Amino acid sequence: MTSHRQATACPRKTQLSLAFPCSAPTVRRATPPETRPAMPDAVKCPNCQSEHAYQDRDLWICPECAHEWSAAAGAAAEVPQEMGVRDAHGNVLTDGDSVIVMKDLKVKGSSSVVKGGTKVRNIRLQDATDGHNIACKIDGIGAMNLKSEFVKKA
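Throughout, residues of each chain are indexed from 1 in the direction in which the sequence is written. With pLDDT at 70 or above as the cut-off, local features in this predicted model cover only qualifying residues; side-chain atom pairs require 80 or more to be listed or tallied, and sums for whole chains, interfaces and linings still use all residues. With hydrogens and water excluded, all non-hydrogen atoms of the structure serve as input to the side-chain values.

**Q** Is there a simple way to explain the overall build of the protein chain in this structure?
**A** Where helices and strands are cited, they refer to DSSP runs of H or I of at least four residues and of E of at least two residues respectively, numbered from the N terminus. On a plain count of helices and strands, the protein chain comes out with one helix and eleven strands. A burial count over the protein chain gives 18% of its 154 residues as buried. A sequence separation of at least 24 residues applies to 32% of the contacts in the protein chain between residues at least 6 apart. On the protein chain, roughly 13200 Å² of surface is accessible, and the fraction owed to carbon and sulfur atoms is 51%. Per-residue accessibility, obtained with a 1.4 Å probe over protein chains only, is compared with the maximum for each type, and a residue is labelled buried under 20%, exposed over 50%, and partly exposed between these values. The contact criterion used throughout is that any non-hydrogen atoms of two residues lie within 4.5 Å. Here the accessible surface of atoms and residues is derived via Shrake-Rupley with a 1.4 Å probe, and residues count as covered only by protein chains that are part of the display.

**Q** Looking at this model, I keep getting lost on the nonpolar core. Mind explaining?
**A** Soluble globular proteins: nonpolar side chains tend toward being buried together. Residues enter a nonpolar core if they are buried and are Ala, Val, Leu, Ile, Met, Phe, Trp, Tyr or Cys, with the set joined through side-chain atoms within 4.5 Å. Among the nonpolar cores identified, the biggest contains 15 residues, and Val114, Val120, Cys136, Met144, Leu146 and Val151 are the most heavily contacted of them. When residues of this core are traced back to their parent elements, those giving at least two are strand E4 (99-101), strand E9 (134-138) and strand E10 (142-146). Among the elements that take part in this core, E9 stands out by supplying three residues, more than any other. If near-sequence neighbours (up to four positions away) are discounted, Val151 is found in contact with Asp87, Ala88, Leu93, Val99, Ile100, Val101, Met102, Ile134 and Leu146. Of all hydrophobic cores here, the second largest spans five residues; its members include Cys45, Ala53, Trp60 and Trp69.

**Q** Honestly, the pattern of salt bridges in this entry has me stumped. Any pointers?
**A** Pairing is possible between side chains that carry opposite charge, provided their charged atoms lie close to one another. When a carboxyl oxygen of Asp or Glu lies within 4 Å of a side-chain nitrogen of Lys or Arg, that pair is called a salt bridge. A complete count under the given rule lists two salt bridges for this structure. With its nearest N and O atoms 3.9 Å apart, the salt bridge here joins Glu51 to Lys44. One salt bridge in this structure joins Asp97 and Lys153, with 3.6 Å as the shortest N-O distance. Of this pair, Asp97 sits in the loop between helix H1 (71-78) and E4 while Lys153 sits in strand E11 (residues 151-153), and the two are 56 residues apart along the sequence. Relative accessible area serves as the criterion here: at 35%, Lys153 is assigned to the partly exposed category.

**Q** Where do I start with the UniProt feature "domain: Protein YjdM N-terminal" (unreviewed entry) in the protein chain in this structure?
**A** UniProt positions are given in the numbering used here, feature names are shortened, and annotations may be inferred rather than shown by experiment. Within this structure's numbering, the places UniProt gives as "domain: Protein YjdM N-terminal" (unreviewed entry) are residues 44-70. As annotated, residues 44-70 has a helix share of 0% and a strand share of 33%, and its two end C-alpha atoms lie 13 Å apart.

**Q** Whenever I open this one, the environment of Thr94 confuses me. Can you help?
**A** Tracing the chain through its elements places Thr94 in the loop between H1 and E4. Sequence separation between Thr94 and Leu125 is 31 residues; the distance between their C-alpha atoms is 6.9 Å. With residues near it in sequence (within four places) discarded, Thr94 still touches Ile123 and Leu125.

**Q** What is the right way to read unusual backbone geometry from this model?
**A** One can expect most non-glycine residues to show negative phi and most peptide bonds to be in trans. Unusually for a residue other than glycine, Gln49 sits at a positive phi of about 60 degrees. Mapping Gln49 onto the fold places it in the segment before strand E1 (54-56). Even without being glycine, Asn122 reaches a positive phi, approximately 55 degrees. Tracing the chain through its elements places Asn122 in the loop between strand E7 (119-120) and strand E8 (124-125). By relative accessible area, which is 53% here, Asn122 ends up exposed.

Below you can see the structure in the form of structure tokens.
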């Protein structure tokens, strides 16, 4: 049994021309890509200042320190607090207020101590670069300056 194969001729490939006789090629100038941030409303983490925070429903999450906060709290934190001297609890102090010393304070240049719980009346606020922004007179000690972080409003 001999099988005969018929040789099939390979059909000739014809080339198709897509050139149109009446049109010239169109040349377009390259336009620069838009320069906008990847996340237009990017928020930094209030804990570690990371720029990689992402939003999950109504919470923002920082993948670096795992801190979570709400968008409403972030907006409230951006509102600057009013200027002024504040006590340890955040209450605004004014001239003439009475304050209570929160902890024992050593008097510089003396062996005396201002005891915690001492009430100081009629304070005067001052601008001081060293942080002592309250001028007052304390019974038994005399005139001195205090830092507002060690007192609370009475």
